[in-house]
Amino acid sequence: MVILVTGVSRGIGEALALEFSAEGHQLLLVSRSHDRIHQLADECNRISGANNVHVLVYDINELDDLSKEFESLIGQKTDQIDALVNNAGFLVRKPFEKTTPSDVYQLFSTNLFAPGNLIRIALPFLRKSVRPHVVNITSMGGYQGSVKFRGLSYYSASKGALSILTECLAEEFKKDGIFFNSLALGAVQTEMFSEAFPGFRAPLSAKDMAGFIKWFTLNGHNYFNGKTLPVSVSTP
């Protein structure tokens, strides 16, 4: 399969790239971190024993202005995408009254607008796949009825919005045979989680969660479409 993954410079995204490589999938890895993404690609190619990992060094927040360029770059690597995992995310933890408009824009730009732009750019490639699957990584913070935490209001709202977008796109592109689902993750021991909950030890590692996301990306659309599924042992 040809799989595009964002946010691979650390944490779950990095672990996910390694998991897919172990099964020999062709990968398109997107990150703005030039040095780390090339190191990861080399590691993935070593694991897979093939040169089937391609690097796309981009800031996903700039895709709106560079969409044609990015689409052309994808086209140089592949003519189809079988799965897209929108994993990149951004977190600000501040009290609501101290959160600035700039903070809010960056949260929604990275957590909602950028995934939407990437899906739009990827549509021609997804349509060429037999059963394409788009997986959006959201958060239990944006899952209705879940426990909420002080200082994460806009982060949670941006992730909740991505879940709703997922549901809408599943309906809009049902006729195209493109499946959309989102996974609302609970506590996973990553750098971002440590920023949000310093000193707390999550029950799952990035590798643990990546193993599940890999399975769901490859198989979840056989069971679900337009769903947001809670994937959580604890919150936090």
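Look above for the structure.
So, how was this worked out
- Residue numbers restart at each chain and count upward from 1, following the sequence in its written direction.
- At least 70 in pLDDT is required for a residue's local features to be given in this predicted model, at least 80 for side-chain atom pairs to be given and counted, and no such filter applies to totals for whole chains, interfaces and linings, which use all residues.
- Computation of side-chain values: all heavy atoms of the structure, hydrogens and water removed.
- A run of DSSP states H or I qualifies as a helix once it reaches four residues; a run of E qualifies as a strand once it reaches two. Both are numbered from the N-terminal end.
- Here the globule rule reads 2.2 Å times residues to the power 0.38, and the radius of gyration is calculated from C-alpha atoms.
- Between buried and exposed lies partly exposed: a residue is buried under 20% and exposed over 50% of the maximum accessible area for its type, with that area taken using a 1.4 Å probe on protein chains only.
- Contact criterion: two residues are considered in contact whenever any of their non-hydrogen atoms come within 4.5 Å of each other.
- For accessible areas, the Shrake-Rupley method is used with a probe of radius 1.4 Å. Any residue's cover is judged against the shown protein chains and nothing else.
- Convention adopted: a line fitted to C-alpha atoms gives each axis, helices being fitted over their contacting stretch, and angles between N-to-C directions are expressed from 0 to 180 degrees.
- Between 65 and 115 degrees an angle is taken as roughly perpendicular, under 35 as roughly parallel, over 145 as roughly antiparallel, and anywhere else as oblique.
- By the definition used in this description, the sense in which the near helix is turned from the far one sets the handedness, with an anticlockwise turn below a right angle giving left-handed and a clockwise turn giving right-handed.
- The residue classification treats Ala, Val, Leu, Ile, Met, Phe, Trp, Tyr, Cys and Pro as nonpolar and Asp, Glu, Lys and Arg as charged. All others, Gly included, are polar.
- Seen with the strands pointing away from the viewer, any crossover whose path from the first strand over the helix to the second strand runs clockwise is right-handed.
- A pair of strands is labelled paired if DSSP reports no fewer than 2 bridges between them.
- Think of a nonpolar core as a cluster: buried Ala, Val, Leu, Ile, Met, Phe, Trp, Tyr and Cys residues, connected wherever their side-chain atoms sit within 4.5 Å.

S.K.: Looking at this model, I keep getting lost on the overall build of the protein chain. Mind explaining?
M.R.: Looking only at helices and strands, the protein chain has seven helices and nine strands in total. For the protein chain, the C-alpha radius of gyration of 17 Å lies close to 18 Å, the compact-globule estimate for 236 residues. Looking at the 236 residues of the protein chain, the share that counts as buried comes to 53%. Taking all contacts inside the protein chain whose residues are at least 6 apart in sequence as the whole, residues at least 24 apart take part in 75%. About 10800 Å² of surface is accessible on the protein chain, with carbon and sulfur atoms providing 52% of the total.

S.K.: Could you clarify how one ought to interpret the packing of helix α3 (residues 67-77) against helix α4 (residues 101-126) in this entry?
M.R.: For any two helices packed against each other, one specifies the crossing angle of their axes together with the interaxial distance. Running from amino to carboxyl end, α3 crosses α4 at an angle of 40°, the nearest separation of the two axes being 10 Å. Between α3 and α4, the interaxial angle falls into the category oblique. For the pair α3 and α4, the crossing hand works out as right-handed. On the side of α3, the interface is formed by Ser67, Phe70, Glu71, Ile74 and Gly75, while α4 contributes Leu118, Arg120, Ile121, Pro124 and Phe125. Here the contact of α3 with α4 is built from residues that sort into six nonpolar, two polar and two charged.

S.K.: Explain the pairing of strand β2 (residues 26-31) to me, please; I cannot follow it from the model alone.
M.R.: Along any regular strand, the residues point their side chains to alternate faces of the sheet. Of all six residues in β2, five are buried, a share of seventy percent or more. Since strand β1 (residues 2-6) and β2 lie parallel, the crossover through helix α1 (residues 11-22) that links them has a hand, and here it is right-handed. Sheet analysis places β2 next to strand β3 (residues 53-57), joined by five bridges and oriented parallel. By the bridge assignment, Leu29 is partnered in β3 with Val55.

S.K.: Please clarify how the nonpolar core should be interpreted in this entry.
M.R.: Where a protein is soluble and globular, its nonpolar side chains tend to be buried together. Formed by 31 residues in total, the largest nonpolar core has its most connected members in Ile3, Val5, Leu29, Leu183, Leu185 and Ile213. If you tally residues by element for this core, the top one is helix α7 (residues 206-219), at six residues.

S.K.: Which parts of the structure should I look at to understand the sheet that holds strand β9 (residues 227-231)?
M.R.: Whenever strands of a sheet pair, they do so through backbone hydrogen bonds, lying parallel or antiparallel. Taking strand neighbours across the sheet as the criterion, the seven strands line up as β3-β2-β1-β4-β5-β6-β9 in an open arrangement whose pairing is parallel. Of all the strands in the sheet, just β3 and β9 have a single pairing partner and so form its edges. When strand polarity is set aside, the average angle formed by the axes of neighbouring strands in this sheet is 20°. Here β1 pairs with β2 via five bridges, running parallel.

S.K.: Sorry, what's going on with the side chain of Ser67 here?
M.R.: By the element assignment, Ser67 lies in helix α3. Those residues in contact with Ser67 that lie beyond four places of it in its chain are Arg120 and Ile121.

S.K.: Mind showing me how you'd approach the pairing of strand β5 (residues 133-139) here?
M.R.: Here β5 lies mainly inside the structure; seven of its seven residues are buried. Burial along β5 is two-sided: the residues His133, Val135, Ile137 and Ser139 and Val134, Asn136 and Thr138 are all buried. Bridge count between strand β4 (residues 83-86) and β5: four bridges; the pairing is parallel. Among the inter-strand pairings, Ala83 is bridged to a residue of β5, identified as His133. Handedness of the β4-α4-β5 crossover: right-handed. In the classification by handedness, the crossover that spans β5, the intervening helix α5 (residues 153-172) and the parallel strand β6 (residues 179-185) is right-handed.

Function cannot be read off these values alone, since they describe shape.
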